[in-house]
Structure formats: C-alpha cells, structure tokens
Amino acid sequence: MRRLPVKAQEYSQQYCQRYYEEAENLSGEITVFLALIFILLVSFIGSLMEGASIQMAKNYRRADMNRAMESVFAEYQRELLEEFDVFGMDGSYESGFWSEEAVLERLDYYGAAQIDNEIRRIQLLTDHDGQAFREQAARYVEERYGLESLNNLLGNTGLWKQQEEESDAYQRKEEEANRNLDRLLMENEEALPTENNPLTNISAMKRKPLVELVMPKNKMVSGKQYEIQNLVSGRERQTGYGTFDDVEEEKSVSTLAFGEYLLRHFRCVADESETVNGGGLDYELEYILGGRSSDRENLEEVTKKLLLIRFVPNYAFVSNDAEKRAEAEAMALTLCSLILAPEITEAVTQVLLLGWAFGESIMDIRSLMDGKRVPLLKNQESWQLQLSALLTLGTEEDQSEGLDTESGLTYKEYLRIMFFLGQKETQTMRALDMIELRLRTEKGLTWFYADSCISRMEIRSSCSLRRGISYQFQTYFGYR
C-alpha cells in the first residue's frame, strides 16, 4: 500500500485535532444551556405549585365562610315561614334585639372562627318601610300563582283609579247640593216637612256609625283591641345599614301581587272563622287598611272607604236613569208643594238622588258583609233599593238583607281595589304589625320582633394564609 506524503500526514493530524477541540467546546455550551433551561423549568413548576397552593387555601377559606353564612341563614324563623311564606333570620336569637356580636358568634360556631369577620352591610325585614318583606311577598305570589292571574286584573285598574279620582268630585258635589238647598230654604224661610221625607232619615243615618248600618243582624262585631303603638310601625325601630342596590333586581314590586299576598295571608270580617282565641285582632286586613287600635274602628274605616267606592257608580247610574230621576222629581215636587215652594224642586231632586245613591251604597256594603256579591257598575237588575225604602233604612223596621249578584265582586275583591289604590309602604308596615301580633299572641313567640329579622347580609373577611400572606374577601347571602 502506498503511504501518504509526510506533509499530507501532518495536515491530516492537525485537522483531526482541531475537529476534536471544536466538538468539545460545542458540547460544553449545550450542557450549560440545558442546565439553565432545567433551572427555569423547575422554578416555573414551583411557582405554579405555590400559586395553586395559595389559591387552594383561599378557596378553603371562602368555602368555610359560605358554609357558615348558609348555616346561619338556614336558622330562619320557622313560624314566620309556615304562617306567612316569608323568610327572616332572627338576629336576636330570641332576645328581642339583634346585635352584630350575636351574628358573628354564630358564624364562628359554624366554622368561621379562624377568620376575622365584620358586617359590611345588613338589611332587616323592616328597613326602607319593609322593602325586603314586600319584595318577598310579591315574588311569592308571582311564583306561586303565576303572572297570568295578575295580568287578568290589570284591565280593571284603570276603572279603579278613575273611580278614586271621581269620588272626591262627587263628595264636593254632594256638599254643594246640600248647601244650595239650605240656602234656598233660608231664603224662603221654610223647612221641608219631616213626615214621609227620606232626607230626614238620611241625615239621621249619616250621624250613626256605618258599622251599625251595614252589619248583618246575624253577625257580631269583634270587640278586640290592642295597643298598636307597641307594634313595629308605631315604635322606634332597629335598623340595618348599607344599601344593596348592586344585588337588588331592577324589577319593581307589583302592587297587585302584594295586594294578593295580603288577601291570602290575613283574616278579615268576611271570613267564616275570623274569630280566634288570643289577644290579637280578628280583622287583620281591615287593620292594614285602617290602622286603628280596635277591630270595630278598623271596620268603620273600611266601610267608609267602601261607601266611597260604591257611591260613585251608584250616583252615576241613578242620576242618569230617566225612570229613577222622574221618581225622585215626583217626590221632590210633593215635598216642595207642601211648603208652597215649587221653585226649589230641582234642588230637592238633586239632594234626593244623592241620598238615594247613599242608601244604595249602604245596601251594597250590607250585601258584602253577608258574603254576597255586588257588581262594580249597576243596572236596572242589580239595583236594590226603592226610593220609598229610604224612609225605613237603618231603623228598627228595616229588614233588608241585600241582594247577591252572580257577576258581582265579593268583599275581598273590593279590598283588593283598596289595596291597589292605597299607599304600599303604609300597608307593608301594618302587615308587619299583624305578623308580629299573630306570632306573639297566637303562636307564643312573645320575643318576636319583625325589626330583628335579617333579610340579607354581606361580611368582609380577613385571614392569614402562610408566610405572612393575608387574604381579604366579601361573602353575601340574602333571602329571595
């Protein structure tokens, strides 16, 4: 075999040596780079594990607080829910006065003892004129009975408002008619005869309590009374603090829905078993509308409101019915002829028509009190009272009981109109009065106060995780 020249051999050796040196340098660079990558990767994984560990610790603290809050609010007042379908947590724990300390101690008991807590905001059932109670009540009706049942009533609300507006005008018209008649009689220096004159009996009836005129003879008026200044609407109330505008629904509370709630949860004079044992009031719905301290006074207030509701359509019908107007004119002419003053016949006719509408309204309320139905607008068939019957209406000779019209409204349906037209804030607080009264006197919860019941609350919590890491968060819970 032929050997390479000497110079070629030297060149080959130099090349190989340089190759091996460059390879060693390159291998060292790769090793350092991989080591740096490995360190960064381990640090990244360690950071992820640390972050996950901290987040897990935060989740545990949040879970502890959520469990504690739900446990505290699960101690709702059972009788309040069973009787009135409303949630409320007794923040007084049967002491009568709620306190932050009692609530926070209860949170600690349910697992929040390792967390520093403070109440950031809290709402009681009675705050803002019972807003939380009113919202729960309306939502109960909407979810239990559906919006369709309420929508069926919306078509009548316009007529209800119209009658309310007209009632003041008719009252002024009645006062003006009476003043006009008195003036004409003074000018003639005469007085209408009292015999066979319905106006004499009408004047006597207006001086009597309405309850005596409208109550059926087979029914007794409750004599119960209570010092209402001791109830939640009359005393100085405990209050929460802070607002919940960010968690409240934008939907406004339906006035119709709240009225339906009241009709379905409170007693009234028309109920067959309205009399109960205990020191409370029997006529709860009447109290919510009247706000007086006794059943009799509240019933009187409601009958006055009923009288206005019924007087407007009754007068509208009798003054526009040709037959009845002619009958009133004939009687007015007879009365005026007896005093030789036929020129005041028109004024007497007007007062007779107003008195006739008043008497018909008395008969309507009498029908309602007896469990019968009365139509909102009258016609010939549903009109009850003859003009001549005004002579004995409200006297011992009066034996009229009132008609039952199949297409009419019941007593409670007329109360629905009053609730719709009334001030919902006032009605809300009076309803809370009746809740307090019934639970205290009939259920034995003498320590129950509506303004001690918590509806919603938010807690600000602060805790230490580890290695000096602190964590702050808020927890909210509220009844719907």
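It should be noted that the structure appears before, not after, this text.
These numbers were taken from a predicted model, which means no experiment stands behind them.

Visitor: Please clarify how the overall build of the protein chain should be interpreted in this entry.
Guide: Counting its secondary structure elements, the protein chain contains 14 helices and 4 strands. Across the protein chain, every contact between residues at least 6 apart in sequence was considered, and the portion connecting residues at least 24 apart equals 77%. Roughly 25,600 Å² of accessible area belongs to the protein chain as shown, and the carbon and sulfur atoms make up 49% of that amount.

Visitor: Would you take a moment to explain the pairing of strand β3 (residues 453-464) for this structure?
Guide: Regular strands have side chains that alternate between both faces of the sheet. A large share of β3 lies buried, amounting to 9 of its 12 residues. The pairing of strand β1 (residues 89-90) with β3 spans 2 bridges and is classified as antiparallel. Bridge assignment links M89 to a residue of β3, and that residue is I454. Taken together, the 8 bridges between strand β2 (residues 116-124) and β3 define a ladder with antiparallel strand orientation. The residue bridging E118 from the neighbouring strand is R460, located in β3. With 9 bridges connecting them, β3 and strand β4 (residues 470-478) associate as antiparallel partners. Residue S461 lies in a different strand from β4, and its bridge partner there is F473. Joining the antiparallel neighbours β3 and β4 is a turn of 5 residues, in which R467 adopts a positive phi near 50 degrees.

Visitor: Would you explain the environment of L390 in this entry?
Guide: Relative to the helices and strands, L390 is located in the loop between α12 (345-369) and α13 (411-421). The exposure class assigned to L390 is buried, which follows from its relative accessible area of 0%. Along the backbone, L390 and L199 are 191 residues apart, and their C-alpha atoms lie at a distance of 8.2 Å.

Visitor: Explain helix α6 (residues 198-206) here, please?
Guide: The periodicity of an α-helix, 3.6 residues per turn, causes residues three or four places apart in sequence to face the same way. Within α6 the residues assigned to the buried category are P198, L199, N201, I202 and M205. Angularly, the buried residues of α6 cover 160 degrees about the axis, an arc narrow enough to put them on a single face. Of the residues flanking the start of α6, the one acting as N-cap is N197, its side-chain oxygen 3.0 Å from the backbone nitrogen of L199.

Visitor: Would you mind going over the packing of aromatic side chains with me for this structure?
Guide: Two aromatic rings, taken as a pair, are described by how far apart their centres are and by the angle between their planes. Applying the stated criterion across every chain yields a total of 19 aromatic pairs. An angle of 70 degrees between the planes, with centres 5.3 Å apart, marks the rings of F73 and Y479 as edge-to-face. Here Y479 lies in the segment after β4 and F73 lies in helix α1 (residues 6-73), a separation of 406 residues in the sequence. Of the two residues examined, F73 and Y479, each falls in the buried class. Of the aromatic side chains, those joined through ring pairs into one cluster are F84, F133, Y140, Y145, F258, Y261 and F266. For the cation-ring pair, R106 lies above Y109, with the distance from its terminal atom to the ring centre recorded as 4.9 Å. Above the plane of the ring of F244 lies R456, whose end atom (NZ or CZ) is 5.6 Å from the centre.

Visitor: Looking at this structure, how should I read unusual backbone geometry?
Guide: Most peptide bonds are trans, and most residues other than glycine sit at a negative phi. One non-glycine residue, Y93, adopts positive backbone phi at about 50 degrees. By the secondary structure assignment, Y93 is in the loop between β1 and α3 (100-112).

Visitor: Sorry if this is basic, but what is going on with the environment of R466 here?
Guide: Tracing the chain through its elements places R466 in the loop between β3 and β4. Remark: the alpha-carbon pair of R466 and A57, spanning 409 residues in sequence, is separated by 9.1 Å.

Visitor: What am I meant to see in the packing of α6 against α12 here?
Guide: Axes are the key here: two packed helices are described by the angle between their axes and the distance separating the axes. Across the interface, α6 lies against α12 with an axial gap of 10 Å and an inter-helix angle of 50 degrees. Classified by the interaxial angle, the pair formed by α6 and α12 is oblique. For the pair α6 and α12, the crossing hand works out as left-handed. Judged by residue contacts, P198, L199, I202, M205 and K206 of α6 engage V348, V351, L352, G355, W356 and F358 from α12.

Visitor: What should I look at first to understand the pattern of salt bridges in this one?
Guide: Close approach of charged atoms lets side chains of opposite charge pair. This model, assessed by the stated rule, comprises 31 salt bridges. K224 serves as the salt-bridge partner of D282, at 3.1 Å between the closest nitrogen and oxygen. Taken together, the residues span a long stretch of sequence, with D282 in the loop between α8 (255-265) and α9 (284-290) and K224 in the loop between α7 (210-214) and α8 at a distance of 58 residues. The pair formed by D282 and K224 is uniform in burial state, with each residue classed as buried. Between E346 and R325 there is a salt bridge whose closest N-O contact spans 3.4 Å. Taken together, the residues span a long stretch of sequence, with E346 in helix α12 and R325 in helix α11 (residues 322-338) at a distance of 21 residues. On the basis of relative accessible area, E346 is assigned to the partly exposed category, the value being 44%. It is possible to trace a salt-bridge network through shared partners that takes in E83, R267, E284, R438, E442 and K443.

Visitor: What am I meant to see in the nonpolar core here?
Guide: In a soluble, globular protein the nonpolar side chains are often hidden away together inside. Membership of the largest hydrophobic core comes to 102 residues, with the highest contact counts inside it found for Y261, F266, V348, Y411 and L415. Excluding residues that lie within four positions of it along the chain, L415 makes contacts with L263, C268, L285, L289 and V302. In this structure, L104, I115, I454 and Y471 belong to the second largest nonpolar core, which totals 25 residues.

Visitor: I'm lost on the side chain of T345 in this one. Help?
Guide: Here T345 shows up in helix α12. For T345, the side chain forms a polar contact with the main-chain oxygen of P342, separated by 2.6 Å. The contact partners of T345, leaving out residues within four places of it in the chain, are E329, A332, L333 and C336.

Visitor: Would you mind going over the side chain of D90 with me for this structure?
Guide: Along the polypeptide, D90 turns up in strand β1. It turns out D90 is buried and unbridged, and the closest side chain with the opposite charge, R235, is 10 Å from it. A distance of 2.9 Å separates a polar atom in the side chain of D90 from the backbone nitrogen of E94. Contacts of D90, omitting those with residues within four sequence positions, involve E75, Q77, W447 and S452.

Reading guide: rules and limits
Residues numbered from 1 in each chain as written. Predicted model: local features only at pLDDT ≥ 70, side-chain atom pairs only at ≥ 80, totals over all residues. Heavy atoms only, no water. Helix = DSSP H or I, 4+ residues; strand = E, 2+ residues; numbered from the N terminus. Contact = heavy atoms within 4.5 Å. Areas by Shrake-Rupley, 256 points an atom, 1.4 Å probe, with all protein chains shown as cover. Buried < 20%, exposed > 50% of the residue type's maximum accessible area, 1.4 Å probe, protein only. Pairing = 2+ DSSP bridges. Arc of directions from axis to C-beta. Polar contact = N/O pair within 3.5 Å; in protein donor to acceptor, adjacent residues only side chain to side chain. Phe/Tyr/Trp six-rings, centres within 6.5 Å; stacked < 30°, edge-to-face > 60°. Lys NZ or Arg CZ within 6 Å of the ring centre and 35° of its normal. Axes fitted to C-alpha atoms, helices over the stretch in contact; angles between N-to-C directions. Parallel < 35°, antiparallel > 145°, perpendicular 65-115°, else oblique. Left-handed = near helix turned anticlockwise from the far one by under 90°. Salt bridge = Lys/Arg side-chain N within 4 Å of Asp/Glu carboxyl O. Core = buried A, V, L, I, M, F, W, Y, C linked by side-chain atoms within 4.5 Å. Lys, Arg positive; Asp, Glu negative; His and termini not counted.

Keep in mind these numbers describe shape, not what the thing actually does.
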